[in-house]
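Understanding the architecture of this molecule
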Amino acid sequence: MQAVATRTRTAMDEPPAVGVVAPPEPDIALCDLIRARSVLLGDRPYVEHARAEEALTFRQLEASMERWRTLLGGARARGLTTIGLVISDPIAFADIFLGALGAGFWVAPLDPSMPAGGSGGLAVTLARTGIDVVLADHPAPVGIEGEWVELDRLDQLEDGRVTRPGATTPQRAGAGGVVLSSSGTTGTPKVVRLDQVKLLHTARSVASHLQLNAEDRGFNPLPLFHINAEVVGLLSALVAGSSLVLDDRFHRTGFWDLMASRSITWINAVPAIVSRLGALRADETVPSTVRFIRSASAPLPVAAADRFEASTGIPVIETYGMTEAASQITAHPLSVPRRPGSVGLPVGLELRIVRQSEPLGSSLEAPEFHIGHVEIRGVSVIGHYVGDTHQDRFHPDGWLRTGDLGHRDADGFVYLDARTDDIINRGGEKVLPREVEEVVGADPMIASVAVVGREHSELGQVPVAFVVLRAPEADGDDVGADVAARETAERIEKVLQRDLVRAKRPVALCVVEALPAGATGKVKRRMLDTPEVPVLYTFDLR
């Protein structure tokens, strides 16, 4: 049995004109949505591989779903409810992820590069998420127990080896969903279950907000084991009846040529990608087909967005989301100019800013431009974590305190100021890292920056800036890296003295090769200022 369908046409073929595809009904199950798209769109490509002649059509997706319904839903596989996916190939992932999800199972996508051992490793994650069987494209690592089925050995599912007799079959229309686990690097790991209702509600909101239709061709280089690529990428494309080109990761070389050859109309990205694409090379041409680039998963520096738009002419759509809300919470409207620093307006849910002094559940909202706790409520928002951990973040009225601090302007646009855990307390003065990062990051030599608190015997904490420098442009002078770093530090010091009060100024500028980050580009702040991140140069600032 083949786990991946072969493409029926080349990636560059023009699909037949079908017009705008009607959005699905609010209460439609994923299995019915897949069937409807198969009937209407048939052999049009749904997902394509960016670097191989592989694709999955809408008709093949329906066949895949029915195959998994038969394979996993029979009497010999009773008792299976949660399927782990450890799959690197993007087309194989999309095939099995949507097929099993549409067949009514809980699907737990896992990072293929995850180590077997350790507190954040594969063995612990399998136990934490309650996975019954793992489907993988490689053998099980040493030390992993339980059922592990390789894609070329799917007969193991059919011969009854993977079974728990006596249990009831879980498959029914609309059942199941996605199970995701945090790494635990910022505290006790959290396990989130997002049912089909939440997933499709957000996917419809994304597709509507981005005005996606059957003629659109999205590009997604983000990891498919994260909620963003699953909902903003795979499911929103399915809702819109559009095509999605999947890459195994972001490749800077030849990027714009790839966008042109695949007739891409929108790009799903993170701030690190936006930043790298902002420096257009002399031999590059940006295709006119790209309508916008969507940025998510981490705050986007204003300077990076400005450079990208000025260089490419493509609008940046900044967004804000979290796994607990099935990805998207807010997004900047396409119809208005970008407001620097804003993540836009709420989409498909409620959002409020509560005064910082108020407990969870208080309805006393912060005035305009006043920083407070960001709280959300809606169809897509979970009501609890698996195991009922971190219940202090939930209120019986449905409000979830996100852990972010933010404010709104007079028109209701949302701005994120800090994570509550990232605020630096310098002798009683509260320093918001992003405010400092925007000042430092505006320097043209800064590729990326993160500001964290360093322990201080008298003040408690002081801010320290960690930066990655851009390569200096060749101008005939061979300027050493140390000289370039020193000149940058001196320039930034003057700007900090001009733009920030003393309490907010970093006491040091530390140059590193790279900021430690997760798969989606979110900086792991707790690793900074530790031996795990070697510092190339350190400059004391006044």
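Just so it is clear, the structure is predicted and the values come from calculations on it, not from any experiment.

**Points about the overall build of the protein chain**
- Broken down by element type, the protein chain carries twelve helices and 25 strands.
- The contacts in the protein chain between residues at least 6 apart in sequence include a share of 68% that link residues at least 24 apart.
- In the structure as shown, the protein chain presents an accessible area of about 22,800 Å², 51% of it carried by carbon and sulfur atoms.

**A short note on the pattern of salt bridges**
- Under the definition given, this model contains 28 salt bridges.
- In this structure, Lys504 and Glu435 form a salt bridge, with 3.0 Å as the shortest nitrogen-oxygen distance. Taken together, the positions of Lys504 in the loop between helix 12 (481–499) and strand 24 (508–511) and Glu435 in helix 11 (residues 433–441) put the pair 69 residues apart, joining distant regions of the chain.
- When its relative accessible area of 35% is taken as the criterion, Glu435 is described as partly exposed.
- Across the salt bridge formed by Asp443 and Arg491, the nearest N and O atoms sit 2.7 Å from each other. Placement of the pair is Asp443 in the loop between helix 11 and strand 22 (446–456) and Arg491 in helix 12, with a sequence separation of 48 residues.
- Note on Asp443: relative accessible area 7%, which makes it buried.
- Among the charged side chains, a salt-bridge network with shared partners connects Asp32, Arg35 and Glu66.

**Digging into the pairing of strand 13 (residues 316–322)**
- Of all seven residues in strand 13, six are buried, a share of seventy percent or more.
- In terms of strand pairing, strand 12 (residues 292–295) meets strand 13 through three bridges, oriented parallel. Bridge pairing in strand 13 links Ile293 to Val316.
- Assessed by its sense of winding, the connection that carries the chain from strand 12 through helix 10 (residues 302–312) to strand 13 is right-handed.

**Comments concerning the layout of surface pockets**
- Counted as a void, the second largest pocket has a volume near 250 Å³.
- Looking at the second largest pocket, it is lined by 16 residues, and the ones nearest its centre are Val452, Gly453, Gln461, Arg525 and Arg526.
- A total of five residues in the lining of the second largest pocket trace back to one element, the largest contributor, which is strand 22.

**Here's the deal with the nonpolar core**
- Core analysis: the biggest nonpolar cluster contains 108 residues, and Tyr46, Leu234 and Ile267 have the highest contact counts within it.
- Element by element, the count of residues in this core is highest for helix 7 (residues 227–240), at ten residues.
- Once residues within four sequence positions are removed from consideration, Leu234 is found in contact with Tyr46, Val47, Phe93, Ala94, Phe97, Leu224, Ala229, Leu244 and Leu246.
- In this structure, Val449, Val451, Ala485 and Val511 belong to the second largest nonpolar core, which totals 19 residues.

**Examining the confidence of the model for the protein chain**
- Per-chain confidence: the protein chain averages 88 in pLDDT, with 89% of residues scoring 70 or above.
- Note on residues 1–17: pLDDT under 50 across the span, and 42 contacts to partners over four residues away in sequence or across chains.
- Here residues 163–171 scores under 50 on pLDDT; set against residues more than four positions off or in separate chains, the count is 23 contacts.

**Focus: the packing of aromatic side chains**
- Inspection of the entire model under this criterion finds nine aromatic pairs.
- Plain terms: the ring middles of Phe219 and Phe255 are 5.7 Å apart, the flat faces sit at 80 degrees to each other, and that makes the pair edge-to-face. Linking Phe219 in strand 9 (residues 217–220) with Phe255 in helix 8 (residues 255–261), this pair joins segments that are 36 residues apart in sequence. Each of the two residues, Phe219 as well as Phe255, counts as buried.
- Measuring from centroid to centroid gives 6.5 Å for Trp256 and Phe308, while their planes differ by 35 degrees, and the two rings are tilted.

So, how was this worked out
Residues numbered from 1 in each chain as written. Predicted model: local features only at pLDDT ≥ 70, side-chain atom pairs only at ≥ 80, totals over all residues. Heavy atoms only, no water. Helix = DSSP H or I, 4+ residues; strand = E, 2+ residues; numbered from the N terminus. Contact = heavy atoms within 4.5 Å. Areas by Shrake-Rupley, 256 points an atom, 1.4 Å probe, with all protein chains shown as cover. Salt bridge = Lys/Arg side-chain N within 4 Å of Asp/Glu carboxyl O. Buried < 20%, exposed > 50% of the residue type's maximum accessible area, 1.4 Å probe, protein only. Pairing = 2+ DSSP bridges. Right-handed = clockwise from strand over helix to strand, strands pointing away. 1 Å grid on protein atoms, 1.4 Å probe; cavity = no way out; pocket = protein on both sides within 12 Å on 5 of 7 lines; lining within 4 Å. Points joined across faces, edges and corners; volume = space filled by probe spheres on them. Core = buried A, V, L, I, M, F, W, Y, C linked by side-chain atoms within 4.5 Å. pLDDT = per-residue confidence, 0-100. Phe/Tyr/Trp six-rings, centres within 6.5 Å; stacked < 30°, edge-to-face > 60°.

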